[in-house]
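Chains, contacts and geometry: an overview
Below, each chain spelled out in residue letters.
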Amino acid sequence: MKKILVTGGLGFIGSHTVVELQNAGFEVVIIDNLSNSKIEVLNQITSITGIQPDFYQLDLRIKNDVKNFFNNNTVDGIIHFAASKAVGESVEKPLLYYENNITTLVYLLQEMKERKLDNFIFSSSCTVYGQADELPITENAPTKPAESPYGNTKQIGEEIIKDSCNAYELNAIALRYFNPIGAHDSVKIGELPIGVPQNLIPFVTQTAAGIREQLSVFGDDYPTPDGTAVRDYIHVVDLAKAHIAALQRLINKNNKQHFEFFNVGTGKGSSVLEVIKAFETVTGKKLNYKIVDRRAGDITAAYADTTLANKELHWKTEKTLEEALLSAWKWQEKQ
Ligand code: WQD
């Protein structure tokens, strides 16, 4: 049985990926420092799959702890989620973001090189494309200067991995996520935003639940069919499965280059108003919202061309926007 290290394995995307790894027959060991996750998630994962993953509460910024971990664990692959991800916070605290997202990555790659470990999957982001000139966005689209320190850590992270792969013959895949939403069908794991949600879907579900009074729709004067911004919302379980596909590609040595990257989205763009309408339809709840000014730093539209991931990873999304929104709502109701 192959053993996979999942850093940040108790977080939103990490926990869903751990479940899919276990479902696919992998043994999982999780590292998480619980900075933005809860230990209860470990039990929830166990109750979904019937298998308790190994768990180490440790901080990847502490090099000695990372070394000790690898002294005691040999792994066949690493899926690296552990990172800070709030765009606004990254502008206020850039050094925290560079330490959390870059230092930890370097430490992990150093251990891989020294111990001759291989098969690394990196959480990247469609933010590397900025506002792309052509839609849908293919992997050939040029990366644009990052809008935030957070986005910069994803660009720099990819470059660090690419250079390391070339120099040390490591094999890695970066997955460039579009907008992950939703929750597991079991309603046992989902997104747990701390404080006021910055992302659209948790704000929508909290507004429907009465926790927030009103949803602000940031701008209706974008050059899109209804004037609101367009994104590619992907069900987190579909996204989790892309990690298994990428890992299997590396383990089976089907990769064509030491470092590869793939878009992970649905290929379909939805506007903010379309999301609101779909949410109201599937839940039967009326959303209190108003149009306000654009949010600084937002782009007009981003959705993925998924041809490469479909072909090379033998992966495609299975769930609809409606299913994702309904699962997000069920999760919210349970909180
Ligand atoms: C979606 C749309 C908002 C909140 C996120 C991450 C980013 C990257 C990509 C990971 C936008 C609008 C939002 C609200 C609104 N992911 N909106 N009212 O901006 O695409 O970015 O995904 O790397 O880092 O942050 O996602 O969910 O914040 O916004 O109208 O209260 O919803 O303007 O058009 P975004 P989002």
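Refer to the preceding data block for the structure.
The structure presented is a predicted model; accordingly, all values stated were derived computationally and were not measured.

**Digging into the packing of aromatic side chains**
What the rule picks out here adds up to 4 aromatic pairs. With centroids separated by 5.0 Å and ring planes inclined at 90°, the aromatic side chains of Tyr-56 and Phe-69 adopt a geometry described as edge-to-face. Taken together, the positions of Tyr-56 in strand 3 (residues 54-57) and Phe-69 in helix 3 (residues 63-72) put the pair 13 residues apart, joining distant regions of the chain. Judged by centre distance (5.0 Å) and plane angle (90°), the rings of Phe-69 and Phe-70 are edge-to-face. Neither Phe-69 nor Phe-70 differs from the other in exposure class; each is buried. Within the aromatic cluster, the residues linked to one another by ring pairs are Tyr-56, Phe-69 and Phe-70. The lysine or arginine in question, Lys-113, covers the ring of Tyr-168, its NZ or CZ lying 5.3 Å from the ring centre. Sitting over the face of the ring of Phe-261, Arg-176 holds its NZ or CZ atom 4.0 Å from the ring centroid.

**Points about the sheet that holds strand 1 (residues 3-7)**
The strand order across the open sheet formed by 7 strands is 3-2-1-4-5-6-11, and the pairing between neighbours is parallel. The sheet is open, and its two borders are formed by strand 3 and strand 11 (259-264), each paired with just one other strand. Pairs of neighbouring strands in the sheet enclose a mean axial angle of 20°, with direction left out of account. As defined by bridge partners, strand 4 (residues 77-80) adjoins strand 5 (residues 120-125) across 3 bridges and the pair is classed as parallel.

**Details of the pairing of strand 6 (residues 172-177)**
Burial analysis of strand 6 places 6 of its 6 residues in the buried class, which makes it a mostly covered element. Where strand 5 lies against strand 6, 6 bridges are found, and the strand directions are parallel. The partner of Ser-125 across the bridge, within strand 6, is Tyr-177. Where the polypeptide runs from strand 5 across helix 6 (residues 149-168) and back to strand 6, its parallel neighbour, the crossover connection is right-handed. Sheet topology note: the strand 6/strand 11 ladder contains 6 bridges and is parallel. Bridging across to strand 11, Ile-173 finds its partner in Glu-260.

Here is what the cut-offs are and how they apply
- Residues numbered from 1 in each chain as written.
- Predicted model: local features only at pLDDT ≥ 70, side-chain atom pairs only at ≥ 80, totals over all residues.
- Heavy atoms only, no water.
- Phe/Tyr/Trp six-rings, centres within 6.5 Å; stacked < 30°, edge-to-face > 60°.
- Helix = DSSP H or I, 4+ residues; strand = E, 2+ residues; numbered from the N terminus.
- Buried < 20%, exposed > 50% of the residue type's maximum accessible area, 1.4 Å probe, protein only.
- Lys NZ or Arg CZ within 6 Å of the ring centre and 35° of its normal.
- Pairing = 2+ DSSP bridges.
- Axes fitted to C-alpha atoms, helices over the stretch in contact; angles between N-to-C directions.
- Right-handed = clockwise from strand over helix to strand, strands pointing away.

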